Structure formats: structure tokens, C-alpha cells
Amino acid sequence: MNLYRKLRSRLLVVAAMLAMGAVMQSVQPSLPAAAAAPTPLEPRTVYLTFDDGPSRNTAAILKVLQEEGVPATFFVTLAEREQYPDAYAALCENGCRVALHCAHHDYSRLYQSPRSYRADLLELETGLQELGIPYERLVRLPGGSLNTRVTPKTLEQILDGLKQDGYTIFDWTVTSGDDGAEGQSVPVPSETIVQTALERGRGQLSPVVLLHDSHPFTTTPEAARQLIRAYKAKGYRFGVLTTEMESLVLVDLWENLSRK
Ligand SMILES: [Zn+2]
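Keep in mind that what you see is a predicted model, and the values were worked out from it rather than measured.

Engineer: What's the story with the nonpolar core in this structure? I'm lost.
Structural biologist: Soluble globular proteins: nonpolar side chains tend toward being buried together. Within the largest apolar cluster, 62 residues are counted, with the highest numbers of intra-cluster contacts made by Ala72, Phe74, Ala99, Leu100, Val209 and Ala224. Among the elements that take part in this core, helix H9 (residues 220–233) stands out by supplying five residues, more than any other. Residues in contact with Phe74, not counting those within four places in the same chain, are Phe50, Gly53, Leu91, Cys96, Val98, Ala99 and Asp213.

Here's what the structure looks like:
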């Protein structure tokens, strides 16, 4: 089995477990008595997340969120800082949250070593501080924690370092496929994105949905609108991710399942 297929089969297993609600309960670490219990993800609540922004699509995404009256969490970069300096502040309005993705979406540089990863993260945080943007110490790794662009050893060291330094780490439980096929920057029809997200999120009580705020993916705003309406019709509410929540790290869930 090649690496991609292996990864895909892992993801499918994790997704299936999430759908049954079994994983979240089985991997809850026992907390010391004095520690505050993390806030759980709310049942029947959708957590929309947008990666890679701001971009030229940010305004359209925010318009949809505002019109539909729902918040989302934005895992930002500094890639378009010069073009859209005011967009960061707009991401903090209407109940939305800014969280940490990366300064530069350059896999080979980012994942060279734990040190290069942290240098990039520090650059992002410094950039947001310079802009005066409030953000959550909530991190989503570029490519997620189950990605094959980083060696397992480097990944483990990166995750350990983040946990030790008190960051909350958040992958997703539903990929919407709005970023198209691997390596192709072609917009996907909004109906297809919605169908994919609903299919992959079927049975999940608290779906954390991955969408993108990125130049090529111009169909994402309309897809977000249709997805929001579909979830509303099912009686779901909408929430944002916070540092009070327990980290959701797919590679940890996978390791945990593998040991059983
Ligand atoms: Zn990304």
C-alpha cells in the first residue's frame, strides 16, 4: 500500500470512529483533580473552520457568515498580509475567532525541523501582534497532524513542543474538499463541496469542518452558505473553537486506536 492510500485508510478509520462518538470518550485523558476540565465540543453544533486566509475571498466568506448569523474560526497565515492588511481585524468581528496556521505555507521549510516549524509560528504570532489582532493560542498544522510531508519523528517533536508550551491543537473531523484534488488549484462546484461535507460528516454530533479562505477556491463562500443552511435545517447550531477545549489531534487518535 502506498503512503497516500495508507494515510487515506487511516483517516477513514478515524472518521468512522468519530462518527460513532467513540473516540472522543475513549481517549479522554484522566485529568488531575485540580485541573479545570476542558470544555467539550457542544453536541449538535457545527464548527466551521477556514484555513489559509486572509485572501481575496475573505470578504465574501464574512458576508455569508454575517448574513447567516453564524461564527467561524479562521486559521490564518501571513501570506497575503500586504494585500489584505485590514482583513485580519474583520475576522475578529461577529463572534469569529482568529487562530494560528502558519506564517508561510511552505511545507519544505516548515517541516525541516521542529525548530523551523516554531520559527514560522513565532513569525505568525509576532505578525498578528504587530497588527494588533487578538488571536487564540490554537494551532492547526499545515496539512493537519496526519500529513505525509513531515517525518513521524519531526511531527512528534513538533506536537510535543506545542503541548508543552500550552497550545491547543486542532485538526478537523470533516474535509469539505473545497480545495479540489491533491495539487490542483481548481474551484470545485459549490454543490459538490456541500454534498461531500454532509456525506463525510454524517452521524457526527459536533463536526469540525475544514474549508479554505484561499485565492483559487472562489466557490467556497457560496458552498459555506449552502452548508450552513443545510445544517440549520437539521437543527444544528454553530460554534467557534477555543483554547478551553481539549486538543483534537488525529494522529494521536490514530496511535491510540492502533495500540488497542
Ligand atoms: Zn493550510
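Okay, back to it.
Engineer: In this structure, what is going on with the packing of helix H6 (residues 114–131) against helix H7 (residues 152–164)? I would like to understand it.
Structural biologist: Running from N to C, H6 and H7 point in directions that differ by 45°, and their axes come no closer than 9 Å. Here H6 is positioned oblique relative to H7, judged by the angle of their axes. The handedness of the crossing between H6 and H7 comes out as right-handed. Contacts from Pro114, Tyr117 and Arg118 of H6 reach H7 at Thr154, Gln157, Ile158 and Gly161. A breakdown of the residues in the contact of H6 with H7 according to their chemical character gives three nonpolar, three polar and one charged.

Engineer: Honestly, the environment of Pro152 in this entry has me stumped. Any pointers?
Structural biologist: Within the element layout of this structure, Pro152 appears in helix H7. Classification of Pro152 as exposed rests on a count of 10 C-beta atoms within 10 Å.

Engineer: I keep staring at the pairing of strand S7 (residues 208–212) and nothing clicks. Help me out?
Structural biologist: Where a strand is regular, its side chains alternate between the two sheet faces. With five of its five residues buried, S7 lies for the most part within the structure. Of the two faces of S7, the one holding Val208, Leu210 and His212 and the one holding Val209 and Leu211 are both buried throughout. Pairing analysis gives five bridges linking strand S1 (residues 45–51) to S7, with the strands arranged parallel. Paired with Tyr47 across the bridge in S7 is Val208. In this structure, strand S6 (residues 174–175) lies alongside S7, joined through two bridges in parallel fashion. Among the inter-strand pairings, Thr175 is bridged to a residue of S7, identified as Leu210.

Engineer: Just to check I follow, could you spell out the pairing of S1 for this structure?
Structural biologist: Taking burial as the measure, the seven residues of S1 include six buried ones, the bulk of the element. Note: S1 against strand S2 (residues 73–76), three bridges, orientation parallel. Within S2, the residue paired with Asp51 across the bridge is Phe75. The handedness of the S1 to S2 crossover, carried by helix H3 (residues 58–68), is right-handed.

Engineer: What am I meant to see in the environment of Thr242 here?
Structural biologist: Assignment of secondary structure puts Thr242 in the loop between strand S8 (237–238) and helix H10 (250–259). Judged by the 15 C-beta atoms lying within 10 Å of it, Thr242 is partly exposed. C-alpha of Thr242 to C-alpha of Val98: the two residues are 144 residues apart in sequence and 9.8 Å apart in space. Setting aside its immediate chain neighbours within four residues, Thr242 contacts Thr39 and Glu136.

The rules behind each value
- Residues numbered from 1 in each chain as written.
- Predicted model: local features only at pLDDT ≥ 70, side-chain atom pairs only at ≥ 80, totals over all residues.
- Core = buried A, V, L, I, M, F, W, Y, C linked by C-beta atoms within 7 Å.
- Buried ≥ 20, exposed ≤ 12 C-beta atoms within 10 Å, placed from the backbone.
- Helix = DSSP H or I, 4+ residues; strand = E, 2+ residues; numbered from the N terminus.
- Contact = placed C-beta atoms within 7 Å.
- Axes fitted to C-alpha atoms, helices over the stretch in contact; angles between N-to-C directions.
- Parallel < 35°, antiparallel > 145°, perpendicular 65-115°, else oblique.
- Left-handed = near helix turned anticlockwise from the far one by under 90°.
- Nonpolar A, V, L, I, M, F, W, Y, C, P; charged D, E, K, R; others polar.
- Pairing = 2+ DSSP bridges.
- Right-handed = clockwise from strand over helix to strand, strands pointing away.

Remember that the coordinates give geometry; whether it matters functionally is a separate question.
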